[in-house]
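The primary structure of each chain is shown beneath.
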Amino acid sequence: MKGFLINQATGEQYELENVSFLGRSPECNVLIPDPRVSRRHAMIRRHEEGFWFFDLGSFNGTYLNGSRITAARLLEDGDQLEFADLTLQFKQEGGQFTEADPNSVGASTMALIRSAPVIMLVSDVRGFTTLSEKLPPDRVAHAIGNWYANCEVTLGQYGATVDKFGGDSVLAYWTDVAPANRLNALRAAKGLMKACDTIYHEQQELFDSLGLSFSAGAALHLGKVAYGGMSQREFTLIGDPVNLTYRIEALTRTLEKPILASIEFLRDWPEGKAYCEPLGMQQVKGRAQPVEVYSVERFPE
């Protein structure tokens, strides 16, 4: 499945990446040099079901087929996106990613699946259901769209691969588990917390008036997983350590600590414990055996 945006005035065509940013910043995949367009105006992300469009809280908004977008939308072939005076038509080639697709990697791909230790980071927006209930839809789209964008930038800055976004959560990983990347994982986790602070302060008056905040928890874990191409254009992690990382992230609410690390993340890396405080053995949902976790309290420069 491929996606394109076609400039209706010039016929210029842009092929969409797995994640494409649109705006007037030179860093955007689709550059729109118009002062009425925000620097990071919007984002399009490819999922198995198609291409999702997010307005990133732009000042003048984005219009889809004549209506202003106030929430994430799954694009359909022929949709018209309007940015100030610019109209881009969305074109899609191919349907959803399925194993039945003749171009799918298929069963033969299993030979390309690798099993190796990886560093995993899971972050999840806290109280997202409450945010969705109390905030206007356009404000929810603004907040979560900016959060997605910040996750992409921050994780990329520290060398992580984003495996998937799951509504209000993100899973990322590093296939090199050397201490340098464990330091990068700590830096990335800190960056994600700072991004939440930025989003909150952008709409502080509204958040405060409703008694809301915008924050996230994060978990760092290291374990042996299977990773590789599971279907056409789908590269993902599989294994119990992935599930455990999500479970540890859930502990951030119970323990009231924003960032937790497992003993496996710190094992064979004694220097790493200097950034953490031990919290002992903790029971996690769905597991008979408790896990040893640490609260990340300090960060490398």
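Residue indices begin from 1 for each chain and proceed along its sequence in written order. Side-chain atom pairs in this predicted model are given and counted only at pLDDT of 80 or more, local residue features only at pLDDT of at least 70, and totals for whole chains, interfaces and linings cover all residues. With hydrogens and water stripped out, all remaining heavy atoms of the structure feed into the side-chain values.

(A) Summary view of the overall build of the chain. A count of helical and extended segments in the chain gives 6 helices and 19 strands. Each residue's exposure class comes from its accessible area (1.4 Å probe, protein chains only) as a fraction of the maximum for that residue type: buried when under 20%, exposed when over 50%, partly exposed otherwise. Among the 301 residues that make up the chain, the fraction classed as buried is 49%. The Shrake-Rupley method, run with a 1.4 Å probe, gives the accessible areas here. Residue values count only the displayed protein chains as cover. Carbon and sulfur atoms provide 48% of the accessible area of the chain, an area that totals close to 14300 Å². Secondary structure elements follow DSSP: runs of H or I no shorter than four residues count as helices, runs of E no shorter than two count as strands, and numbering proceeds from the N terminus.

(B) Just helix H2 (residues 137–157), in detail. The end-to-end C-alpha distance of H2, which contains 21 residues, comes to 30 Å, matching closely the 30 Å that a straight helix rising 1.5 Å per residue would cover. Trailing H2 by a residue or two, Gly 159 shows a phi angle of about 80 degrees, which is positive. Multiplying one less than the number of residues by 1.5 Å gives the expected span of a helix.

(C) Main features of the pattern of salt bridges. One speaks of a salt bridge when a side-chain nitrogen belonging to Lys or Arg is within 4 Å of a carboxyl oxygen belonging to Asp or Glu. For the structure on display, the rule yields 9 salt bridges. Note that Arg 298 and Glu 277 form a salt bridge whose closest N and O atoms lie 2.9 Å from each other. Here the residue Arg 298 occupies a position in the segment after strand S19 (291–296), and Glu 277 occupies one in strand S18 (residues 276–282), the gap between them amounting to 21 residues. Through salt bridges with shared partners, a single ionic network connects Asp 34, Arg 36 and Asp 85.

(D) Fine view of the side chain of His 41. Here His 41 is to be found in the loop between strand S4 (30–31) and strand S5 (42–47). Under the relative-accessibility criterion, His 41 is labelled buried at 1%. Whenever two N or O atoms come within 3.5 Å, that pair is a polar contact, provided that in protein one can donate a hydrogen and the other can accept it, and provided that, for residues adjacent in sequence, both atoms are side-chain atoms. A polar atom in the side chain of His 41 sits 3.0 Å from the backbone oxygen of Gly 61. A distance of 3.1 Å separates the side chain of His 41 from the side chain of Thr 62, its partner in a polar contact. Residue contacts follow a heavy-atom distance rule, with two residues in contact if any of their heavy atoms lie within 4.5 Å. Ignoring sequence-local partners within four residues, the contact set of His 41 consists of Leu 22, Gly 23, Asp 55, Leu 56, Ser 58, Gly 61, Thr 62 and Phe 83.

(E) Representation of the sheet that holds strand S11 (residues 86–93). Between any two strands, at least two bridges found by DSSP are needed for them to pair. Strand order in the open sheet made by the 6 strands is S2-S1-S11-S10-S7-S8, with antiparallel pairing throughout. Among the strands making up the open sheet, the edge pair consists of strand S2 (13–15) and strand S8 (67–68). Summarising the sheet, strand S7 (residues 63–64) and S8 pair through 2 bridges and their orientation is antiparallel. Paired with Tyr 63 across the two strands is Arg 68, which belongs to S8.

(F) A look at the nonpolar core. Here, the term nonpolar core denotes a set of buried Ala, Val, Leu, Ile, Met, Phe, Trp, Tyr and Cys residues that are joined through side-chain atoms within 4.5 Å. If you look at the biggest cluster of nonpolar residues, it comprises 51 residues, and the most contacted ones within it are Leu 121, Trp 147, Leu 155, Phe 214 and Phe 265. The biggest single contributor to this core is helix H3 (residues 179–202), with 9 residues. With residues up to four places along the chain from it excluded, the contact list for Leu 155 reads Leu 121, Ala 160, Val 162, Val 170, Ala 172, Ala 188 and Leu 192. Formed by 20 residues, the second largest nonpolar core is a distinct cluster that contains Leu 5, Ile 44, Phe 51 and Ile 69.

(G) Region of interest: the sheet that holds strand S6 (residues 50–55). Read from one edge of the open sheet, 5 strands run S4-S3-S5-S6-S9, paired in mixed fashion. With partners counted over all chains shown, the strands left at the sheet margins are S4 and strand S9 (73–74), one partner each. In this sheet, S5 lies alongside strand S3 (residues 19–23) in antiparallel orientation, the contact comprising 4 bridges. Directly across from Ser 20, in S5, lies its bridge partner Ile 44.

(H) Highlighting the environment of Arg 267. For Arg 267, the location among the structural elements is in the loop between helix H6 (263–266) and S18. By relative accessible area, Arg 267 is classed as partly exposed at 44%. Along the primary structure Arg 267 and Leu 222 are separated by 45 residues, whereas in three dimensions their C-alpha atoms are 9.1 Å apart.

(I) Seen up close, the pairing of S19. S19 sits mainly inside the fold: 5 of its 6 residues count as buried. As paired elements, S18 and S19 share 5 bridges and run antiparallel to each other. Paired with Gln 282 across the two strands is Val 291, which belongs to S19.

(J) Highlighting the confidence of the model for the chain. Each residue gets a pLDDT score, which is the predictor's confidence in that residue and runs from 0 to 100. Mean pLDDT for the chain: 86, with 89% of residues reaching 70 or above. Element-level mean pLDDT values for the chain span from 66 in strand S16 (residues 234–238) up to 98 in strand S17 (residues 259–262). Every residue in residues 230–234 is under pLDDT 50, and counting partners more than four places away or in other chains gives 20 contacts.

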